[in-house]
Amino acid sequence: MLVLVAPGQGAQTPGFLTPWLDLPGAADRVAAWSDAIGLDLAHYGTQADADAIRDTAVAQPLLVAAGLLSATALGDVVPGAVAGHSVGEITAAAFAGVLDDTAALRLVRRRGLAMAEAAALTPTGMSALLGGDPATSVPHLEKLGLTPANVNGAGQIVAAGTLEQLAALEADKPEGVRRVVALKVAGAFHTHHMAPAVDALAEAAEALTPAQPRVTYVSNRDGQTVETGGEVLQRLVGQVANPVRWDLCMETFEKLGATALIEVCPGGTLTGLAKRALPGVTTLALKTPDDLDAARALIAEHSAR
């Protein structure tokens, strides 16, 4: 079974969209999306520097656009299941047919703006813990007032909280943690600090009419499969203030019988986790259009099976 996944914020790098815009029809599609959401996606994906695309209001729609563009380039693919990490869940909702591409981008544009506004209220951030055991690390984070905002599996946890709390973590690491690495995000996402964004996103969601998922949709809130479009949308609203449990998503992929996993552009993060947590699963990351032929071959192999 093939699983199609979409990465979350922090995966973006300057110029990563450039080669994708050379594909037939890609530039026109991105221009139409840009007009729909009032943001020049082509500029930010090709010319903007790292600081500019670190802005939450920019990074989130840019990532969803890249994911949709690269998935379209794969051709007519019907995966066995889809999932997304953090904002990648909106990309996954479009993969599943719950939202059309324009609706997904309008929703993520509102999400990015609302989360940027919430992040501006208090200086906050996120840091990845390298090494350690979650059973030891999670209580240590909670002692420092931090939230384990991403439990990614393969032993990886991302802590979120105020800059003062993150500085305290640097000085007082959990047992077994080698390093604490600050992430390229502008707030403590998936924590109570994002509560104001939930209300804004709920209001935006009221204008949408979600369709039923065409394929199995795995939610990063708890790794459960979601049967209705209404519940998918409800979870998209709440997840901005809830921790991401990617570890549970990968457990579900395994239970569903996953044999291959393709991560859409800008791929790499989720395939890296899958290589460690799902050693029997073939993984492929779409980083540039040069990866498309290999991805299509993998898709064809699974279609034949």
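Let us look at the structure shown here. Since the structure is predicted, the reported quantities are computational estimates derived from the model, not experimental observations. (Residues numbered from 1 in each chain as written. Predicted model: local features only at pLDDT ≥ 70, side-chain atom pairs only at ≥ 80, totals over all residues. Heavy atoms only, no water.)

**Description of the overall build of the chain**
Now for step 1: What the chain contains, in helices and strands, is 13 helices and eleven strands.
Now for step 2: In terms of overall dimensions, the chain is globule-like: its C-alpha atoms have a radius of gyration of 18 Å, near the 19 Å expected for 305 residues.
Now for step 3: For the chain, the C-alpha atoms occupy an extent of roughly 50 × 45 × 35 Å along the three principal directions.
Now for step 4: Contacts in the chain between residues far apart in sequence, at least 24 positions, make up 74% of those at least 6 positions apart.
Now for step 5: Looking at the chain as shown, the accessible area adds up to about 12,300 Å², and 50% of this sits on carbon and sulfur atoms.
Now for step 6: Counting 21 positive and 32 negative side-chain charges, the chain places the centres of these two groups 4 Å from one another. (Helix = DSSP H or I, 4+ residues; strand = E, 2+ residues; numbered from the N terminus. Rg over C-alpha atoms; globule rule 2.2 N^0.38 Å. Contact = heavy atoms within 4.5 Å. Areas by Shrake-Rupley, 256 points an atom, 1.4 Å probe, with all protein chains shown as cover. Lys, Arg positive; Asp, Glu negative; His and termini not counted. Charge placed at Lys NZ, Arg CZ, Asp CG, Glu CD.)

**Considerations on the sheet that holds strand β6 (residues 177-182)**
The pairing of strands in a sheet happens through backbone hydrogen bonds and is either parallel or antiparallel.
Now for step 1: Spatially, five strands are ordered β6-β3-β5-β4-β9 in an open sheet, and the strand pairing comes out mixed. Of all strands in the sheet, those bounded by a partner on one side alone are β6 and β9 (244-245).
Now for step 2: Summarising the sheet, strand β3 (residues 124-131) and β6 pair through five bridges and their orientation is antiparallel. If you follow S127 over to β6, its bridge partner there is A182.
Now for step 3: Running over the sheet, helix α11 (residues 246-256) touches β4 (147-153) and β9 and is turned about 25° from β4. (Pairing = 2+ DSSP bridges. Axes fitted to C-alpha atoms, helices over the stretch in contact; angles between N-to-C directions.)

**Observations regarding the side chain of N220**
Now for step 1: Looking at where N220 falls in the secondary structure, it is placed in the loop between β7 (216-218) and β8 (225-226).
Now for step 2: Of the polar contacts made by the side chain of N220, one reaches the backbone oxygen of G84; its length is 2.9 Å.
Now for step 3: Excluding residues within four positions of it along the chain, N220 makes contact with G84, H85, S86, E89, Q239, P243, V244, R245, W246 and C249. (Polar contact = N/O pair within 3.5 Å; in protein donor to acceptor, adjacent residues only side chain to side chain.)

**Digging into the packing of aromatic side chains**
Now for step 1: According to the stated counting rule, one finds one aromatic pair in the structure shown.
Now for step 2: Seen from their ring centres, W246 and F253 are 5.8 Å apart, and the 80° between their planes marks the pair as edge-to-face.
Now for step 3: Owing to a relative accessible area of 1%, W246 belongs among the buried residues under this scheme. (Phe/Tyr/Trp six-rings, centres within 6.5 Å; stacked < 30°, edge-to-face > 60°. Buried < 20%, exposed > 50% of the residue type's maximum accessible area, 1.4 Å probe, protein only.)

**Points about the pattern of salt bridges**
Now for step 1: Within this structure, the stated rule accounts for four salt bridges.
Now for step 2: Between E231 and R235 there is a salt bridge, with the nearest N and O atoms lying 3.1 Å from each other. Within this pair, E231 and its partner R235 are both found in helix α10 (residues 229-238), separated by four residues, close to a single helical turn.
Now for step 3: D247 serves as the salt-bridge partner of R245, at 2.7 Å between the closest nitrogen and oxygen.
Now for step 4: A relative accessible area of 14% means that D247 is categorised as buried.
Now for step 5: Overlapping salt bridges bring together D222, E231 and R235 as one network. (Salt bridge = Lys/Arg side-chain N within 4 Å of Asp/Glu carboxyl O.)

**Things to note about the sheet that holds strand β1 (residues 2-6)**
Now for step 1: Spatial strand order, β8-β7-β2-β1-β10-β11: six strands in an open sheet with mixed pairing. If you trace the sheet from one side to the other, it starts and ends with β8 and β11 (282-285), each paired once.
Now for step 2: Bridge count for β7 against β8 is two bridges, and the pairing is antiparallel. Bridge pairing links V218 to T225 in β8.

**Looking at unusual backbone geometry**
Now for step 1: The amide bond that connects C265 to the next residue, P266, takes the cis arrangement and shows omega of -5°.
Now for step 2: For S86, which is not glycine, the phi dihedral falls at a positive 55°.
Now for step 3: Tracing the chain through its elements places S86 in the loop between β2 (81-84) and α5 (88-95).

**Digging into the packing of helix α6 (residues 101-119) against helix α9 (residues 195-205)**
Now for step 1: Across the interface, α6 lies against α9 with an axial gap of 8 Å and an inter-helix angle of 160°. Viewed along their axes, α6 and α9 adopt a mutual orientation that is roughly antiparallel. The crossing of α6 and α9 is right-handed. When α6 is examined against α9, the residues L107, R110, R111, A114, M115 and A118 are found in contact with a partner set consisting of P196, A197, A200, L201 and A204.
Now for step 2: Split by residue class, the contact of α6 with α9 holds nine nonpolar, no polar and two charged. (Parallel < 35°, antiparallel > 145°, perpendicular 65-115°, else oblique. Left-handed = near helix turned anticlockwise from the far one by under 90°. Nonpolar A, V, L, I, M, F, W, Y, C, P; charged D, E, K, R; others polar.)

**A word on helix α1 (residues 26-37)**
Now for step 1: Its twelve residues give α1 an end-to-end C-alpha distance of 17 Å, which sits within 8% of 16 Å, the value for a rise of 1.5 Å per residue.
Now for step 2: All of the buried residues along α1 are A26, V30, W33, S34 and I37. Down the axis of α1, the buried set is contained in an arc of 105°. They therefore lie on one face. For α1, exposure combined with an orientation more than 90 degrees from the buried face picks out D28 and D35. (Expected span 1.5 Å × (residues − 1). Arc of directions from axis to C-beta.)

Worth remembering: the numbers are spatial, not functional.
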